[in-house]
Amino acid sequence: MTYAIGVNDQKGLQTIYWGQRLEGPSTLVSAKAYPEAASFDPSVSATPLEYAGWGGGLPTQPALKISFPDGNRSLLLDYLDSKQTDGPNGDQLEITLRDRLAEVYVHLFYKVYATGILARWSQIENRTKGVITVEQAASATLNLPPSTSYELSSLTGRWGAEWQLHTVPLVPGHSVLESRRGSTSHQSNPWLAIGRTGETTETSGPVWFGELGWSGSWQIDVEQTYSHRVKITGGYNTFDFSYPLAPGQLLKTPIFYVGYTNKGHGEASRILHRFQQKQILPGAPTPKPRPIIYNSWEATEFNVNEAGQLALAEKAASLGVERMVIDDGWFGQRVTDHAGLGDWYVNQTKFPHGLKPVIDRVHQLGMDFGIWVEPEMINPDSDLYRKHPEWAMSFPGRPRTEARNQLVLNLARDDVKQYLLTFLDKLVSENDIAFLKWDYNRNWSEPGWDAVPLPEQKEIYVRYINNLYEVLAELRKRHPKLEIESCSGGGGRVDLGILRYTDEVWPSDNTDALDRLSIQDGFSQAYTPGVMVAWVTDVPNFLDRRNIPLEFRFTVAMTGALGIGSDVTKWTPDESALATRLVAFYKTVRSTVQQGALYRLIAPEASEQSAVEYVAEDRHQAVLFGFLHSQHYGEPFQTIRLQGLEPAALYRVKPLDPSKAPGLPQQITGSELMGPGISLHLIGDYDSTAIVFEKVDHK
Ligand code: GLA
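To keep things clear, this report deals only with the structure shown in the data block. Once a new chain begins, its residue numbering starts again from 1 and follows that chain's sequence as written. Residue-level local features of this predicted model are given only where pLDDT is at least 70; pairs of side-chain atoms are given and counted only at 80 or more, and the full residue set underlies all totals for whole chains, interfaces and linings. Computation of side-chain values: all heavy atoms of the structure, hydrogens and water removed.

For the purposes of this entry, the term helix denotes a DSSP run of H or I that reaches at least four residues, the term strand denotes a run of E that reaches at least two, and both are numbered from the N terminus. Scanning the chain from terminus to terminus reveals twelve helices and 34 strands. Its C-alpha radius of gyration of 26 Å places the chain within 12% of the 27 Å reference for a compact globule of 699 residues. Oriented by its inertia axes, the alpha-carbon framework of the chain measures out at about 80 × 65 × 45 Å. Within the chain, buried positions represent 61% of all 699 residues. Across the chain, contacts joining residues at least 24 apart in sequence account for 68% of those joining residues at least 6 apart. What the globule rule says is 2.2 Å times the number of residues to the power 0.38, and the radius of gyration is computed from C-alpha atoms. Between buried and exposed lies partly exposed: a residue is buried under 20% and exposed over 50% of the maximum accessible area for its type, with that area taken using a 1.4 Å probe on protein chains only. Contacts are assigned to residue pairs that have any heavy atoms within 4.5 Å of one another.

Shown next as structure tokens:
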């Protein structure tokens, strides 16, 4: 893409162009402040500023609002200077703005990645002699040219139903995507895509997209002005926000990652996926493929113990599973969700010999070992709470609202941060633990922090999250082989902030394979399938009592990072044989699924049929998954036209089940797969299959 900015005649830093990459000499006009549209629309609101302070009569969303100690709240940010640094990971530009009168500086950062992403963030610096209060701080504002046909796509949901994709036309006014909950949230994910109605589809048309790297309360304000200009302002949530800056202090905002394509929503997702793989995830540019996990949460819930976990581990290993994870229930007095959070010692009744015998056996079985933790939480019924009731977040003298019988520890406190780091470090040092499933099962309710002076109490919104990142970073530094999953009662904490420290995420507690098709489709709009953990679980499903055949459950889970959560000790020999075959199949396509390019060929919401395809980065392999949810009138499966292959290359066809891909030749060219396409023979309810295509001359 091309992103062009300039300094106008009023010293304002202004967007000139954001869109399709421009080639050759540019005739773009230079920046020029727009005149006031009327006495009701001053120049500052008409001009597409890159980062507007609230001042000069700005009636639209400001990027920054500050209150000075004398009560003055006007801020006029003029361009001061800029410097560019080029690095191996991208070129970075720092532009400094300064208030026209006061020594308040704003440093705007622009970092350009080869994957096509622009990262923008800012730093607000107080060089005055008094304490100023930041009341709103965005990472960036992005401006789109006037149009009356923009449409906004966003992802919303709730527990058990995350990642629902909505596309609505933009009209003058504000569309606010946000979380005020202290964390990323199930309800709204900090991702957006803007297309043009009638023009943008999955495979074509303009898409401006972005996502915020922040795991706390966040906000993306999409404002269509009354002259149909669109302004996207993203960063800290402005609700209840206040951050005092003493002389010399800085406030850094989260990073807003944005991009553009004219190839539709599919390509927008692929750009984001590639960026996450190459730049964001631990181990980038070559993050480790996700191992196949076994986890008994759905099968046993809190009822974990040595004998039970060992029996499950033996069976899981025989199926080809690579990692055994003990979920909630192994610690403290944890028999239900009423007690134990905070007491991270092994429950002696359930594991009388500690974790060692289980871990040793898991290793003998050729798997590595992982364990569940929920470090930021505390049950009032816990030793930790009895010792440190003041560590739970609250407003003194007001009731504390419990959720799932637990309270949130105030991780903004340094003693809480130290406690987290100490117990986690001990747990991982004393046991051979390869993986933590890091859970977070409620939102904030009373975000009080009375241990610090009043003006600083609201810093909790920023300091909590920065401490969380520091704990994760330090833990990984001390244990370089440790891998971590971000889970929050399902997909409540998935964002580009946490993904810098976590290798995978749990998209939803909803494991019903039909629901999962939509959940995973929505997830893939914003995040790579390489982090999308998907378990095969038992039927009838715990959530909706639906009975879906095992093969379909597997095929759905194989489109992400496959895991198993069934009570595998109860599987029949036939089920075990099928599972073993499918696990082995998955291993042959895992890197293509997790690290390749995803093409959403037929969306699950559109009909009773759906299909996704993954193409390896070097295009030597592609894998197609087809799903028939429910058949009507005996209708045959629609023709599937693949995408992203080399047209002239010859591909060897390897169907998972040849009877479901009748008439397919043994070899076929990319152009035939993409042009005439192929048909699948799927019938009835919940039928599915997969086909692998391998380039014949691949070395
Ligand atoms: C959350 C997670 C589940 C499981 C439970 C344990 O709901 O999303 O996978 O770990 O907590 O209490």
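Soluble, globular proteins show a tendency: their nonpolar side chains are buried together. Note on terminology: a nonpolar core comprises buried Ala, Val, Leu, Ile, Met, Phe, Trp, Tyr and Cys residues joined through side-chain atoms within 4.5 Å. Of all hydrophobic cores here, the largest spans 179 residues; its most connected members are Ile-194 and Trp-330. Looking at this core, the element that brings in the most residues is helix H8 (residues 460–478), giving ten residues. Ignoring any residue separated from it by four or fewer positions in sequence, one finds Ile-194 in contact with Leu-144, Tyr-150, Glu-151, Leu-152, Leu-170, Pro-206, Val-207, Trp-208, Val-222, Val-230 and Ile-232. In terms of nonpolar packing, the next biggest core, distinct from the first, is built from 24 residues, Ala-611, Ile-668, Leu-680 and Ile-691 among them.

Take unusual backbone geometry next. Cis geometry marks the peptide bond from Ala-284 to Pro-285; its omega dihedral reads 10°. Looking at the element boundaries, Pro-285 is found in the loop between helix H2 (264–280) and strand S19 (293–295). Here Val-539 and Pro-540 are connected by a cis peptide whose omega angle stands at -5°. Secondary-structure assignment places Pro-540 in the loop between strand S27 (533–536) and helix H10 (550–557). Positive phi, normally seen in glycine, also occurs at Asp-240, with a value near 60°. Following the sequence through the fold, Asp-240 ends up in the loop between strand S15 (230–236) and strand S16 (243–245). Since its relative accessible area comes to 27%, Asp-240 is described here as partly exposed. Backbone geometry at Tyr-633 places phi at a positive 55°, although glycine is not the residue there. Mapped onto the fold, Tyr-633 is located in the loop between strand S31 (621–628) and strand S32 (650–655).

What follows concerns the site of the ligand. Here, proximity means that at least one heavy atom of the residue falls within 4 Å of the molecule or strand. As a matter of local geometry, the ligand sits amid 13 residues, with Asp-327, Asp-328, Lys-437, Asp-439 and Asp-509 nearest to it. Lys-437 has a polar side-chain atom sitting 2.7 Å from an oxygen atom of the ligand. Surface accessibility in these figures is a Shrake-Rupley result with a 1.4 Å probe; residues are shielded only by whichever protein chains are displayed. Protein contact buries 97% of the 310 Å² of open area that the ligand shows by itself. Any residue that is not Ala, Val, Leu, Ile, Met, Phe, Trp, Tyr, Cys, Pro, Asp, Glu, Lys or Arg is counted as polar, Gly included; the first ten are nonpolar and the last four charged. Residue composition of the shell around the ligand, by class: four nonpolar, three polar and six charged. Within 3.5 Å is the distance limit for a polar contact, defined as a pair of N or O atoms, with the added protein rule that one can donate a hydrogen and the other accept it, and that residues adjacent in sequence qualify only through two side-chain atoms.

All right, on to the environment of Asp-86 then. Mapped onto the elements of the fold, Asp-86 is located in strand S4 (residues 77–87). For the pair formed by Asp-86 and Leu-165, sequence separation is 79 residues and the distance between their alpha carbons is 37 Å. Here Gln-84 takes part through its side chain, which lies 3.1 Å from a polar atom of the side chain of Asp-86.

Take the sheet that holds strand S21 (residues 368–373) next. At least two bridges found by DSSP between two strands is the condition for calling them paired. The eight strands are arranged S26-S25-S24-S21-S20-S19-S28-S27 in an open sheet whose pairing can be described as parallel. Both edges of this open sheet fall to strand S26 (504–505) and S27, since each of them pairs with a single strand only. Where strand S25 (residues 483–486) lies against S26, two bridges are found, and the strand directions are parallel. When the bridges of S26 are listed, Ser-486 appears paired with Val-505. Sitting on the sheet, helix H4 (residues 306–319) touches S19, strand S20 (323–326) and strand S28 (561–564), and the angle it makes with S20 is about 155°. An axis is simply a line fitted to the C-alpha atoms; with a helix, the fit covers only the stretch in contact. Between two such axes, the angle follows the N-to-C directions and lies from 0 to 180 degrees. On top of the sheet, H8 reaches strand S24 (435–438) and S25; it is set at about 170° to S24, its chief contact.

Extensive coverage of strand S7 (residues 118–126) is indicated by the burial of nine of its nine residues. Taking every second residue as pointing to the same face, both faces of S7 are buried, with Leu-118, Arg-120, Ser-122, Ile-124 and Asn-126 on one and Ala-119, Trp-121, Gln-123 and Glu-125 on the other. Sheet analysis places strand S6 (residues 104–112) next to S7, joined by nine bridges and oriented antiparallel. Paired with Val-104 across the two strands is Asn-126, which belongs to S7. Between S6 and S7, which pair antiparallel and follow one another directly, the connecting turn spans five residues, one of which, Gly-116, has a positive phi of 100°. Note: S7 against strand S18 (residues 255–261), three bridges, orientation antiparallel.

Pairing of aromatic rings covers Phe, Tyr and Trp, the last counted by its six-membered ring, and requires centre-to-centre distances within 6.5 Å; plane angles under 30 degrees mean stacked, over 60 mean edge-to-face, and any other angle means tilted. Under the counting rule described, the total for this entry stands at 30 aromatic pairs. Between Phe-554 and Trp-571, the ring centres sit 6.4 Å apart and the planes meet at 55°, which makes this aromatic pair tilted. Linking Phe-554 in helix H10 with Trp-571 in the loop between S28 and helix H11 (573–595), this pair joins segments that are 17 residues apart in sequence. Residue class for Trp-571 comes out buried when judged on its relative accessible area of 9%. Following the ring pairs from residue to residue traces out a cluster consisting of Trp-330, Phe-331, Trp-344, Trp-372, Trp-391, Tyr-419 and Phe-423. Here the basic side chain of Arg-180 rests over the ring of Phe-239, its NZ or CZ set 4.2 Å away from the ring centre. Any Lys NZ or Arg CZ found within 6 Å of a ring centre and within 35 degrees of that ring's normal is scored as a charge over the ring.

Taking 1.5 Å of rise per residue, 14 residues should cover 20 Å, and H4 covers 20 Å from first to last C-alpha, within 8% of that figure. Those residues of H4 that sit buried are Glu-306, Gln-309, Leu-310, Leu-312, Ala-313, Lys-315, Ala-316, Ala-317 and Leu-319. Residues of H4 that are buried in the fold lie against S19, helix H3 (297–300), S20, helix H5 (356–364), S28 and H11. If you check the start of H4, you find a side-chain oxygen 3.3 Å away from the backbone N of Ala-307, and it comes from Asn-305. In the segment just after H4, Gly-320 is the residue with positive phi, at about 105°. In a helix, the anticipated span is given by 1.5 Å times the number of residues less one.

Here Arg-290 shows up in the loop between H2 and S19. From its side chain, Arg-290 meets the backbone oxygen of Lys-288 in a polar contact 3.2 Å long. Residues within four places of Arg-290 in sequence aside, it is in contact with Arg-323, Glu-483, Asp-503, Glu-504, Gly-530, Ala-561, Arg-590 and Gln-594.

The distinction between a cavity and a pocket rests on a 1 Å grid over the protein atoms alone: a 1.4 Å probe fits inside a cavity but cannot get out, while a pocket stays open yet meets protein on both sides within 12 Å along at least five of seven lines, and a residue with an atom within 4 Å of a point counts as lining. Grid points are joined across faces, edges and corners, and a volume is the space filled by probe spheres set on the points. Scanning all chains against the criterion turns up nine cavities of 30 Å³ or more. Considered as a void within the structure, the largest cavity measures approximately 160 Å³ in volume. What lines the largest cavity is a set of 17 residues, among which Leu-517, Gln-520, Asp-521, Thr-559 and Val-612 lie closest to the centre. Put simply, the parts of the chain that give the lining of the largest cavity at least two residues each are helix H9 (513–526), strand S29 (597–602) and strand S30 (609–615).

For Glu-613, the position within the fold is in strand S30. Although Glu-613 is buried, it forms no salt bridge, and the closest oppositely charged side chain is Arg-270 at an N-O distance of 7.9 Å. A polar atom in the side chain of Glu-613 sits 2.8 Å from the backbone nitrogen of Gln-643. Counting rule applied: Lys, Arg positive; Asp, Glu negative; His and chain ends not counted. Each salt bridge in this description consists of a side-chain nitrogen of Lys or Arg and a carboxyl oxygen of Asp or Glu lying within 4 Å of one another.

Another aspect to go through is the sheet that holds S30. Read from one edge to the other, the open sheet built from six strands follows the order S29-S30-S31-S34-S32-S33, with strand pairing classed as antiparallel. The open sheet has two edge strands with one neighbour each: S29 and strand S33 (667–669). Looking at each pair of strands side by side, their axes are set apart by 25° on average, direction ignored. Docked against the sheet, H11 engages S29, S30, S31 and strand S34 (687–695), running at close to 100° with respect to S31.

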